[in-house]
Structures are given as structure tokens and as C-alpha cells.
Amino acid sequence: MDLEQIKKSAINAINNASTAQDLESVNVKYLGRKGVLTGVLHSLKDLSIEDRRKIGSKANALKQKLEELINKKSNSFRELSNKISFGFDVTKPGLKIFSGHLHPLSKIDAEVRKIFLSMNFSVVDGPEIENEYYNFDALNIPANHPARDMWDTFWLKSKNNPFRQLADSGQKSKLLLRTHTSPVQIRYMEKHNPPFQIIVPGRVFRYEATDMSHEFNFYQVEGLMVGSDVSLANFKFVVEEFCRKLFGSKVQFRFRPGYFPFVEPGLEVDIKLEGGGWLEVMGAGMVQRNVFDAVRYNPDEVQGFAFGMGLDRLAMIKYKIPDIRLFYNGDLRFIRQF
Ligand code: FA5
């Protein structure tokens, strides 16, 4: 084989070597002790001085070149294998993976729904943008009634308001952000006949100053049970059973008389857990006759109880949260604790 042929086939073999072992075989084949090029170099001594000079320098140059190429390729194999086996430092502390957290209000909402479903209540929804009729009039709170002051209201301008049709299609009345979930009582009763038992979890809005236990946007869960023989005793059982399921058997209750135009008698319920203070969590009572009149039920034939709980307040008690505003300020350090 002449030097040109050796060069060609050796370079070819180096290029085609796809593993370190392949490359080592090429190295042995051409540059090893019994290698092709080594053989040429050994045979130089048998040549004339002139040929020795001519072929010798070429053969040495080729040897150098092949060594370089083999070294280069060998280094690239080494780098690759380093990358594969040591590409990441197994001793380095891992990166913490942040998983999502449910907001405490979402958690309590899910729990409240589950408990009421287990007591055979259905979950019902209603609009956050309401009109005056459902939020007030039908609930026995006519215009100019002083009880309207109990709910500081965000009124919406009706002119050019995309929701105007909602008011126009039903009762002609002003639009507002619902101040409680009670309007859904009316909406539901208009379309269904008793007996039934429902809850209505949802967002409500009040035009009022905030403090530790008051927000201008918060959540309520309305409850309504209507039938021919529903009494305040049923209400007491349902509420106590619900609170025991949510807070455990140690929860204490305080039922106080309260005034709401849409119930008669009306009451307010405070609860307290061991070590905590009393916190008002709901308004309630027996549905007022005028409300049944408004939905064309016969008040002499049906009776019912209704309640409206502050969902935020329940979450505050359950998770021992001192300030309602923490739910809404978007501080992730707070959310990540749940
Ligand atoms: C009402 O909203 C009545 N609709 C409840 C009701 C329903 C009574 C059915 C009778 C029959 P009240 O304004 O008291 O009532 O609110 C009910 C509950 O919502 C309160 O007990 C309290 O837990 C919670 N709440 C009231 N205002 C706020 C506020 N600004 N921030 C957070 N929670 C509030």
C-alpha cells in the first residue's frame, strides 16, 4: 500500500469510527506496533538514502496527522461521555418544585358543598349582577324602607349598560351588585315547587369600609328549605349538624334574635371554637309570608327556613385567620400555607 492509499483509508476509518472502541481499533490498525504505517516506517531502513528521505518525511508527517485526528476525535468522544454521565451534578441540592395551592376560600367552599350535599341539599347558582326587585323588593324590602340601609349597595348605571336588558326583560328595576345571596331564593322559588332544600354559594358586594371582619367583596352561602312542615327546629338541627361536620363536636352556638325583613322570626347565629371568641356567622329565620306571596306560593300551605352564612367568616374560624383582608390581598406567602 502506498502512503496516499494509507492516508485515504486511515482518514476514512477515523471519520467512520462511531465509538471510542472503533477509534482505538483504527489507532491499532495504522499506528500500533504492528500497524500499517508503523510497518512503512520500519521498512525505511531498507531503502536508499534518497527514498528514505522522501518517503520518511511523508510517512512521519502522515503519522503526525493521523495522531492529531485520532486525538481530536477521542477528545470529542470524552466530552460527550462526560456530558452524558456527569452532565448534572448529583450532589447538587435539588430545585424545589412549587405545586399549586387551593385558596382557603375555595377549600372551605368545597367542604361546605360536600356537607350540604350529604344532607340532601342541592347546589344552586345565581347572577352577581342583580336588579332591585330580586335583591330587595321581592324580599319584602320595598323602596324607601329603612331596612335597605342594612345593605350598603353598589348601584350600577343602567344607561348604556350591557346588562340593561336583564332588568328590562324582567321587572323594570335598577341594576346593582347583589348585596347578599338571598335574591336567589326568589329566582329559585319562581321556577320550582316545594318541597326542596338548596344552598347557594356565591360572591356578594357591599359598599362599606373594610376592617378585620368586613370586606366589600365577600362570599355567602344561602340556604333555603321549604315544605309543608318545615320548622325552626329543623333549621337548628341542620345548622348544628353542618357546623359539627365542619368544625368538630366541640363547636358552641349562640342563637340570638335578629331582624331581616324576609324572615319572621329572624335570628343571628354566632359560633365559637375552643380558645376562640364568638363570631357572627349567619342570619336566618322562617321565611316571611310576603316572600311566599311574591313567588305565588300559598303562605298558609308552605313553610320554610332560610339562612345566609358568611363563607369568609367560616374560613376564618376553621383556619384561625385573624383578618378577613388576608384572603384578598394576593400575598402568596399566605396562600402557600394551605
Ligand atoms: C344577610 O346578608 C342576609 N341575607 C342573611 C339571611 C339570609 C338572613 C336568609 C335571613 C335569611 P347579613 O348582612 O347579616 O345578612 O350577612 C350574613 C352573614 O354574612 C353575616 O352573618 C356575616 O357572617 C357575613 N357578612 C356580612 N357582612 C360581611 C362583610 N362585610 N364581610 C364579610 N362577611 C360579612
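About the criteria used
- Residues numbered from 1 in each chain as written.
- Predicted model: local features only at pLDDT ≥ 70, side-chain atom pairs only at ≥ 80, totals over all residues.
- Heavy atoms only, no water.
- Helix = DSSP H or I, 4+ residues; strand = E, 2+ residues; numbered from the N terminus.
- Buried < 20%, exposed > 50% of the residue type's maximum accessible area, 1.4 Å probe, protein only.
- Near = heavy atom within 4 Å.
- Polar contact = N/O pair within 3.5 Å; in protein donor to acceptor, adjacent residues only side chain to side chain.
- Nonpolar A, V, L, I, M, F, W, Y, C, P; charged D, E, K, R; others polar.
- Salt bridge = Lys/Arg side-chain N within 4 Å of Asp/Glu carboxyl O.

Engineer: Whenever I open this one, unusual backbone geometry confuses me. Can you help?
Structural biologist: Note on backbone geometry: most residues besides glycine have negative phi, and most peptide bonds are trans. With omega at 5 degrees, the peptide bond leading from Pro-194 into Pro-195 counts as cis. Along the chain, Pro-195 turns up in the loop between helix 8 (183-191) and strand 4 (196-205). Across the junction of Glu-264 and Pro-265, the peptide omega takes the value -5 degrees, indicating a cis bond. As for its placement among the helices and strands, Pro-265 is situated in strand 7 (residues 263-272). Here Asn-120, not a glycine, exhibits a phi torsion of approximately 75 degrees, which is positive. Here Asn-120 lies in the loop between helix 5 (104-118) and strand 1 (122-123). Of the residues examined, Asn-120 reaches a relative accessible area of 60% and is grouped as exposed. One non-glycine residue with positive phi stands out, namely Lys-320, at about 55 degrees.

Engineer: Which parts of the structure should I look at to understand the site of the ligand?
Structural biologist: Taken together, 26 residues lie around the ligand, and His-180, Ser-182, Arg-206, Glu-208 and Glu-280 are the ones closest in. Between Arg-206 and the ligand, the recorded distance is 2.8 Å, taken from a side-chain N or O atom to an oxygen atom. At a separation of 3.3 Å, an oxygen atom of the ligand approaches a polar backbone atom of Val-281. Only strand 5 (217-227), strand 8 (279-287) and strand 9 (303-310) provide two or more residues apiece to the shell around the ligand. Counting residues per element, the shell around the ligand draws most heavily on strand 8, which supplies five residues. Split into classes, the residues belonging to the shell around the ligand amount to eleven nonpolar, nine polar and six charged.

Engineer: I would appreciate a short explanation of the environment of Ser-76 in the present structure.
Structural biologist: Examined against the element boundaries, Ser-76 turns out to sit in helix 4 (residues 49-86). As a C-alpha pair, Ser-76 and Ala-20 span 56 residues in sequence and 9.7 Å in three-dimensional space. From its side chain, Ser-76 meets the backbone oxygen of Lys-73 in a polar contact 2.8 Å long.

Engineer: Please clarify how the pattern of salt bridges should be interpreted in this entry.
Structural biologist: Close approach of charged atoms allows side chains with opposite charge to pair. Going through the model one piece at a time under the given rule, you end up with 14 salt bridges. The closest approach of N and O atoms between Arg-148 and Glu-132, which form a salt bridge, is 2.7 Å. Linking Arg-148 in the loop between helix 6 (132-135) and helix 7 (164-169) with Glu-132 in helix 6, this pair joins segments that are 16 residues apart in sequence. Taken as a pair, Arg-148 and Glu-132 share a single burial class, namely buried. Arg-256 is the partner of Glu-268 in a salt bridge, and the nearest nitrogen-oxygen pair spans 3.2 Å. Pair noted here: Glu-268 is in strand 7 and Arg-256 is in strand 6 (residues 252-257), with a separation of twelve residues, a long-range link. By relative accessible area, which is 17% here, Glu-268 ends up buried. Sharing partners across several salt bridges, the network here consists of Arg-254, Arg-256, Glu-268 and Asp-270.

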